[in-house]
Structure formats: structure tokens, C-alpha cells
Amino acid sequence: MTHLIEPASSGRAKCRACGQPIDKGELRFGERAPNAFGDGEMTLWFHPACAALARPEPLLELLAEASHAELLDDAASLQRDAETSLQHPRLCRIAGGQRSPTGRARCRHCKELIAKDEWRIALGFFEDGRMQPGGFIHDSCAAEYFGSDEILERVRHFSPEFKT
Ligand SMILES: [Zn+2]
Ligand SMILES: [Zn+2]
């Protein structure tokens, strides 16, 4: 199973981490995985920066091959982000963040309600080839839940308006 990096041949594929289209001609990371629905393999496409946050293992496998790594201008920062993700695996669950639209969701960390309009971080779990919604935590619970202080930048990768 060999992962790949290549310019996107069309603008139709969506990133499996952020859900946004990958522009035609933009470099995309392909994670080769067993086909969940039949024989053979399938390719899951990602923005390389999204893979560093959400799928560190396959991206690090790719970066270990110099011929692949040299295609990427930002290989060093991708490597660093992916290693941080491996050290603190819960960071891979960050799927974005927003002000809570209601006061009904419970924090997955402290189990208390998240007040309306309070900042919350959305969690996702990578299953069946994509990020599945996994609930929310209080922004104030984030440091304890993730065990890292590299949180804000990662939330803003998926939700640029977070806490602005
Ligand atoms: Zn993406
Ligand atoms: Zn909480």
C-alpha cells in the first residue's frame, strides 16, 4: 500500500478531513486504504495540511520517502504538525469550533451543558474513510481534554473565525 502525492486532476474530490473541495492543480495527499466496500484498495484524498492534523500516520509514511517529501514546499512544517498529532492523538479529533447555537449540547469532557453563545470545539472521529461528527467540548475544557496547548491554531485551520 503506497500513499501518494499529486496535483489534483480535477476540482471534484473533497478533502476527507475538512470536507472542502481540493482545487484542480493543487497538491493532494492520497491515503491508500483497503476498500471498505469490496475488493482491492481505495484512495482517500486530503489537503496535505489537513492530513497532518487528522491523519498523521499515513502522512508520515509518505514523508519518510524523500521523493515524495521533496514535492511539498512545506514538508518540514507538515512533518512537525503530524508528529505533534501522534504525540497527542486527541488533537486529531479537532474538527472546528463555533459559538454554541443552543444551550442543549453537553461537553464530552466535563459532561456539563455548553451555554448558548459560549465557544465550543467540535470533535470528529475518523471512521469509514471520513470524519464523523463526535460532539463538542467547552473551549475552557480543551487544554485538559487534548493534553496540549497547540489547540487554537488547529481549530482555526477548520474554522478561521473561531474566537475572533
Ligand atoms: Zn482539507
Ligand atoms: Zn466541559
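Everything in this summary refers to the structure shown in the same document. (Residues numbered from 1 in each chain as written. Chains lettered and ligands numbered in written order. Predicted model: local features only at pLDDT ≥ 70, side-chain atom pairs only at ≥ 80, totals over all residues. Heavy atoms only, no water.)

### Some thoughts on the coordination of the zinc ion (ligand 2)
Heads up, the condition is: Each metal site lists N, O and S donors within 2.8 Å (3.2 Å for Na, K and Ca). With water left out of the atoms, a site can look as if it is missing ligands. Note on geometry labels: four donors, all angles 85 to 135 degrees, give tetrahedral; four donors become square planar and six octahedral when opposite donors are over 155 degrees apart and every other angle is between 65 and 115; remaining cases are irregular. Helix and strand assignments follow DSSP, with helices taken as H or I runs no shorter than four residues and strands as E runs no shorter than two, numbered in order from the N terminus.
Coordination of the zinc ion (ligand 2) by the protein involves Cys107 (SG), Cys110 (SG), His138 (ND1) and Cys141 (SG), with metal-donor separations of 2.1 to 2.4 Å. Angles of 97 to 119 degrees at the metal separate the four donor atoms of the zinc ion (ligand 2), which places the site in the tetrahedral class. Spacing between the donor residues of the zinc ion (ligand 2) along the chain follows C-x2-C-x27-H-x2-C. Separated by 31 residues along the polypeptide, Cys110 in the loop between β4 (94-99) and β5 (119-127) and Cys141 in the loop between β6 (130-138) and α5 (142-146) bring together distant segments of the chain.

### Looking at the side chain of Ser148
The criterion, for reference: Polar contacts, as used here, are pairs of N or O atoms within 3.5 Å; protein pairs need one atom able to donate a hydrogen and one able to accept it. Residues neighboring in sequence count only if both atoms are side-chain atoms. Note on contacts: a residue pair qualifies if any of its non-hydrogen atoms lie within 4.5 Å across the two residues.
Within the secondary structure, Ser148 sits in the loop between α5 and α6 (152-158). Of note is the side chain of Ser148, whose polar atom sits 3.0 Å from the backbone nitrogen of Glu150. Those residues in contact with Ser148 that sit more than four places away from it in its chain are His88, Leu91 and Ala143.

### Brief notes about the sheet that holds β4
Definition in use: Between any two strands, pairing holds if DSSP finds at least two bridges. An axis is simply a line fitted to the C-alpha atoms; with a helix, the fit covers only the stretch in contact. Between two such axes, the angle follows the N-to-C directions and lies from 0 to 180 degrees.
Spatial ordering of the open sheet is given by β4-β5-β6, a layout of three strands whose pairing is antiparallel. The open sheet is flanked by β4 and β6, the only strands paired with a single partner. Taking each pair of neighbouring strands and ignoring which way they run, the sheet shows an average axis angle of 30 degrees. Of the pairings in the sheet, the one linking β4 to β5 comprises five bridges and is antiparallel in character. Bridge pairing in β5 places Arg99 opposite Trp119.

### A look at the pairing of strand β2 (residues 27-34)
Two strands pair when backbone bridges link them, and strand β1 (residues 4-7) and β2 are joined in this way by four bridges, in the antiparallel orientation. By the bridge assignment, Glu6 is partnered in β2 with Arg28. Bridge analysis of β2 against strand β3 (residues 41-46) gives six bridges, and the strand direction is antiparallel. Residue Arg32 lies in a different strand from β3, and its bridge partner there is Thr43.

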